[in-house]
Amino acid sequence: MSKYHLDYLGQLESESIHIMREVAGQFERPALLFSGGKDSITLVHLALKAFRPGKIPFPLVHIDTGHNFQEALDFRDELAEHVDAKLIVRKVEDTIKLKRLTEQKGKFASRNQLQTYTLLDTIEEFEFDACIGGARRDEEKARAKERIFSVRDEFGQWDPKLQRPELWNTYNGKIHKGANVRVFPISNWTELDVWNYIRREKIGLPSIYFAHDREVLEHEGQLVAISPFIRLDDGDKISTKKVRYRTVGDMTCTAAVESGASTIDDIIKEIIATRTSERGETRIDDRVSEAAMEDRKKNGYF
């Protein structure tokens, strides 16, 4: 059926499947960066559609910071087994020891910047020439600067001023030896699009996306899960609230939102009503500076 006869979600799906197939056709050693979050789960679902009845022709790669939500890790393992995909996990903790890296200090000490080292080492170890990621342009200002095929040099660095045109859905994957391309098949999707697609396709998700009771620390208007990875101080206000997560990052830098949304329909209603982006509302590490995300991306971050 022509894309002009597809509904809006069908057109987005068709574009993403086309991009997935372009990756498989243009690159020798692609991989799908997989966190166990809703966006990367959606990518796996799209990959299944793109290549069935065959298997997904690339591994799922998770850069594990050691500060993840256990619910996301459990779902990651279950999904990889269910779709019969190869799962590669590399730990930031091992990179810290090997390279003698200095960890961030403070109340919400994050390993987000350090995971870039592990990612670049993993790309070099397996000689990946393309890494598929779940970033979307509506997430954050630096994300909006990326092309769908985002070229990184041999050092993993990204220059937003040196990007290739993508006219008429034509993607140029030619790269120099040692370079790689980050590919974002759902770049043109919004958070609401993802949730509508999850509802339509009946895609399973980790339980933390839905309302549940959790012990949280109230800090500067944000609700941060109590975990061994944050530093508690005298006077910290701790309480049990009914919350859910809009995005799944590390427990040290991802805040929950107070919510009673226990179904996908409830979540969609909340998203329609909110005026704040998911990262803007819930990611502590993005508040470091106006250019926090862009600085990390230039150094090799997702």
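You'll find the structure just up there.
Values in this document were obtained by computation on a predicted structure and should not be read as measured data.

Omega for the bond connecting Arg-52 with Pro-53 falls within 30 degrees of zero, at 10°, which places this linkage in the cis form. Tracing the chain through its elements places Pro-53 in the loop between helix H2 (38-51) and strand S2 (60-64). With a phi close to 55°, Glu-127 is a non-glycine residue in the positive phi region. You can see Glu-127 is positioned in the loop between helix H5 (115-126) and strand S4 (130-132). The residue Glu-220 is not glycine, and still its phi comes out positive at about 50°. Along the chain, Glu-220 turns up in the loop between strand S7 (212-219) and strand S8 (222-225).

Next up on the list: the side chain of Thr-118. The residue Thr-118 is located in helix H5 in this model. Apart from the residues lying within four places of it in its own chain, the contact partners of Thr-118 are Ile-63, Arg-90, Lys-91, Val-92 and Thr-95.

Attention shifts here to the packing of helix H1 (residues 8-26) against helix H6 (residues 191-201). Packing of H1 against H6 leaves a shortest axis separation of 11 Å and a crossing angle of 95°. Taken together, H1 and H6 sit at an angle that is classed as roughly perpendicular. Contact residues: Tyr-8, Leu-9, Gly-10, Leu-12 and Glu-13 in H1; Asp-193, Asn-196, Tyr-197, Arg-200 and Glu-201 in H6. For the contact of H1 with H6, the per-class residue count stands at four nonpolar, two polar and four charged.

The next point concerns the pairing of S2. Within S2, five of the five residues are buried, leaving the element largely enclosed by the surrounding structure. The handedness of the strand S1 (residues 30-33) to S2 crossover, carried by H2, is right-handed. One ladder, built from five bridges, connects S2 with strand S3 (residues 87-91); its direction is parallel. In the strand pairing of S3, His-62 is matched with Val-89. Handedness of the β-α-β unit built from S2, helix H3 (residues 70-82) and S3 comes out right-handed.

The next point concerns the pairing of S1. The side chains of a regular strand alternate between both faces of the sheet. Neither face of S1 is exposed, since Pro-30 and Leu-32 on one face and Ala-31 and Leu-33 on the opposite face are all buried. Two strands pair when backbone bridges link them, and S1 and S4 are joined in this way by three bridges, in the parallel orientation. Bridged to Pro-30 within S4 is Ala-130. Sheet topology note: the S1/S2 ladder contains two bridges and is parallel. Following the sheet pairing, Leu-32 is matched in S2 by Leu-60.

We describe a pair of aromatic rings using the distance from one ring centre to the other and the angle between the two ring planes. Tallying each qualifying case throughout the model produces seven aromatic pairs. Seen in terms of ring centroids, Phe-27 and Phe-149 are 5.8 Å apart; in terms of plane orientation they differ by 45°. Their pairing is tilted. Linking Phe-27 in the loop between H1 and S1 with Phe-149 in strand S5 (residues 149-152), this pair joins segments that are 122 residues apart in sequence. In this structure, Phe-27 and Phe-149 share a single accessibility class: buried. Residues Phe-51 and Phe-58 carry aromatic rings whose centres are separated by 5.9 Å and whose planes lie at 85° to one another, so their mutual orientation is edge-to-face. Each member of the pair, Phe-51 together with Phe-58, is buried.

Criteria and thresholds
Residues numbered from 1 in each chain as written. Predicted model: local features only at pLDDT ≥ 70, side-chain atom pairs only at ≥ 80, totals over all residues. Heavy atoms only, no water. Helix = DSSP H or I, 4+ residues; strand = E, 2+ residues; numbered from the N terminus. Contact = heavy atoms within 4.5 Å. Axes fitted to C-alpha atoms, helices over the stretch in contact; angles between N-to-C directions. Parallel < 35°, antiparallel > 145°, perpendicular 65-115°, else oblique. Nonpolar A, V, L, I, M, F, W, Y, C, P; charged D, E, K, R; others polar. Buried < 20%, exposed > 50% of the residue type's maximum accessible area, 1.4 Å probe, protein only. Right-handed = clockwise from strand over helix to strand, strands pointing away. Pairing = 2+ DSSP bridges. Phe/Tyr/Trp six-rings, centres within 6.5 Å; stacked < 30°, edge-to-face > 60°.

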